[in-house]
Amino acid sequence: MKNSAVIAPSILSANFAKLGAEVDEVLTAGCQWVHFDVMDNHYVPNLTFGPMICKALKDYGITAPIDVHLMVEPVDEMIKSFAAAGADYISFHPEATKHLHRSVHLVKELGCKVGLVLNPATPINLIKDVLEDLDIILIMSVNPGFGGQSFIPKTLDKIRAVRRLIDEHNLDIRLSVDGGVKPDNIKQIFDAGADTFVMGSAIFASEDRAATIKQTLAQVN
Ligand SMILES: O=C(CO)[C@H](O)[C@H](O)COP(=O)(O)O
Ligand SMILES: [Fe+2]
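Criteria and thresholds
Residues numbered from 1 in each chain as written. Chains lettered and ligands numbered in written order. Predicted model: local features only at pLDDT ≥ 70, side-chain atom pairs only at ≥ 80, totals over all residues. Heavy atoms only, no water. UniProt positions renumbered as here; feature names shortened; annotations may be inferred. 1 Å grid on protein atoms, 1.4 Å probe; cavity = no way out; pocket = protein on both sides within 12 Å on 5 of 7 lines; lining within 4 Å. Helix = DSSP H or I, 4+ residues; strand = E, 2+ residues; numbered from the N terminus. Contact = heavy atoms within 4.5 Å. Polar contact = N/O pair within 3.5 Å; in protein donor to acceptor, adjacent residues only side chain to side chain. Donors = N, O, S within 2.8 Å, 3.2 Å for Na, K, Ca; no water. Tetrahedral: all angles 85-135°; square planar, octahedral: opposite > 155°, others 65-115°. Buried < 20%, exposed > 50% of the residue type's maximum accessible area, 1.4 Å probe, protein only. Near = heavy atom within 4 Å. Areas by Shrake-Rupley, 256 points an atom, 1.4 Å probe, with all protein chains shown as cover. Phe/Tyr/Trp six-rings, centres within 6.5 Å; stacked < 30°, edge-to-face > 60°. Points joined across faces, edges and corners; volume = space filled by probe spheres on them. Nonpolar A, V, L, I, M, F, W, Y, C, P; charged D, E, K, R; others polar.

**Let's talk about the UniProt feature "binding site: a divalent metal cation" (unreviewed entry) in the protein**
So, step 1. Listed under "binding site: a divalent metal cation" (unreviewed entry) in the UniProt record, and renumbered for this structure, are H35, D37, H69 and D178. Sequence-wise these annotated residues cover 144 residues; spatially they are packed, their C-alpha atoms never more than 10.5 Å apart. Within this annotated set, the largest cavity is lined by D37, H69 and D178.
So, step 2. With respect to the helices, strands and loops of the structure, D37 is situated in strand β2 (residues 34-39).
So, step 3. In this view, D37 contacts S10, L12, T48, F49, H69, M71 and D178; residues no more than four positions away in its chain are not counted.
So, step 4. Within the local environment of D37, its side chain forms a polar contact with the side chain of S10, the two groups lying 2.7 Å apart.

Next up, the structure:
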């Protein structure tokens, strides 16, 4: 069964020089989470920000859940650092750890909710053995590493398949979609079974962010 819809703005597309204010703005306009893209120039060919910025957002007073998307390899040290920095959800790519069960349980032992991320060409089979341990599954609808890419339509099949898997096992797992989500395709993604929507450029590059967020929320509620 689907959870209530959540919009998680990806700060990858925010203006880092005024990050706190940018995050306040999109939360006030109705977004519920903050999506935090961590890239290491190793697992993906790009470099972003680390746990210090996560802690800075918490210290600034952000109380919305922080949804950390680790695009790093290996994962365990960053899991520890982000748990200490106040992350609420920590998701990582299953192929970025040698010991998937151990890394999944590390997140849980540190008191965070845990997610696994499937790239467009990563088979769902890879997460089946730990399915019941998960709080969220993040389906990448672009190849990871950059904001502002176009949604890959074929990933709608994977969203439908993961929704079936969650429902068949009667599990309470959020199904999130990340990459190229926009007001003009979100309804399709929602209908395919997603309940959590990461949006970076569509929100932060919008000339009227509040209107874009309102228009987006109206389609998933
Ligand atoms: O994980 C990501 C990239 O690897 C980002 O979360 C994602 O691309 C969001 O940005 P946009 O909505 O602009 O596609
Ligand atoms: Fe992401």
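**Quick look at the coordination of the iron ion (ligand 2)**
So, step 1. Summarising the metal site, the iron ion (ligand 2) is bound by the protein donors H35 (NE2), D37 (OD), H69 (ND1) and D178 (OD), whose distances to it range over 2.0 to 2.3 Å.
So, step 2. Around the iron ion (ligand 2), the six donor atoms sit at angles spanning 70 to 174°, and that spread fits a shape best called octahedral.
So, step 3. Sequence positions of the residues that donate to the iron ion (ligand 2) give the spacing H-x1-D-x31-H-x108-D. Here D37, found in strand β2, pairs with H69, found in strand β3 (residues 66-71); they are 32 residues apart in sequence, far enough to count as distant.
So, step 4. For H69, a relative accessible area of 0% puts it in the buried group.

**Observations regarding the site of ligand 1**
So, step 1. Taken together, 19 residues sit near ligand 1, with D37, G148, D178, G200 and S201 positioned nearest.
So, step 2. Separating an oxygen atom of ligand 1 from a backbone N or O atom of G200 is a distance of 2.8 Å.
So, step 3. Residue S201 places a side-chain N or O atom 2.6 Å away from an oxygen atom belonging to ligand 1.
So, step 4. Contact with the protein chains removes 100% of the 370 Å² of surface that ligand 1 exposes when unbound.
So, step 5. For the shell around ligand 1, the secondary structure elements donating two or more residues are β2, β3 and β8 (196-199).
So, step 6. The element best represented in the shell around ligand 1 is β2, accounting for three residues.

**Details of the UniProt feature "binding site: substrate" (unreviewed entry) in the protein**
So, step 1. Those residues carrying the UniProt feature "binding site: substrate" (unreviewed entry) are S10, H69, G145, F146, G147, G148, D178, G179, G180, G200 and S201 in this numbering. Lining the largest cavity, from the set of annotated residues above, are S10, H69, G145, F146, G147, G148, D178, G179, G180, G200 and S201.
So, step 2. Contacts of S201, omitting those with residues within four sequence positions, involve S13, G148, K182 and S206.

**Notes on the packing of aromatic side chains**
The description of an aromatic ring pair rests on the distance of the ring centres and on the angle between the ring planes.
So, step 1. Tallied over the entire structure, the rule returns five aromatic pairs.
So, step 2. Ring plane angle 65° and centroid distance 4.7 Å describe the contact between F36 and F49, whose orientation is recorded as edge-to-face. Here F49 lies in the loop between β2 and α2 (51-60) and F36 lies in strand β2, a separation of 13 residues in the sequence. When sorted by exposure, F36 lands in the same class as F49, which is buried.
So, step 3. Aromatic pair F36 and F82: ring centres 5.7 Å apart, planes at 70°, arrangement edge-to-face. Of this pair, F36 sits in strand β2 while F82 is found in helix α3 (residues 76-84), placing the two residues 46 residues apart along the sequence. Both residues of the pair, F36 and F82, belong to the buried class.
So, step 4. Ring pairs connect the aromatic residues F16, F36, F49 and F82, which therefore count as one cluster.

**Things to note about the layout of surface pockets**
So, step 1. When its volume is computed, the largest pocket comes out at roughly 150 Å³.
So, step 2. Contributing to the lining of the largest pocket are E73, P74, V75, D76, E77, E95, A96, T97, K98, H99, R102 and S103.
So, step 3. Elements represented by at least two residues in the lining of the largest pocket include exactly α3 and α4 (100-109).
So, step 4. A class-by-class count of the residues in the lining of the largest pocket yields three nonpolar, three polar and six charged.

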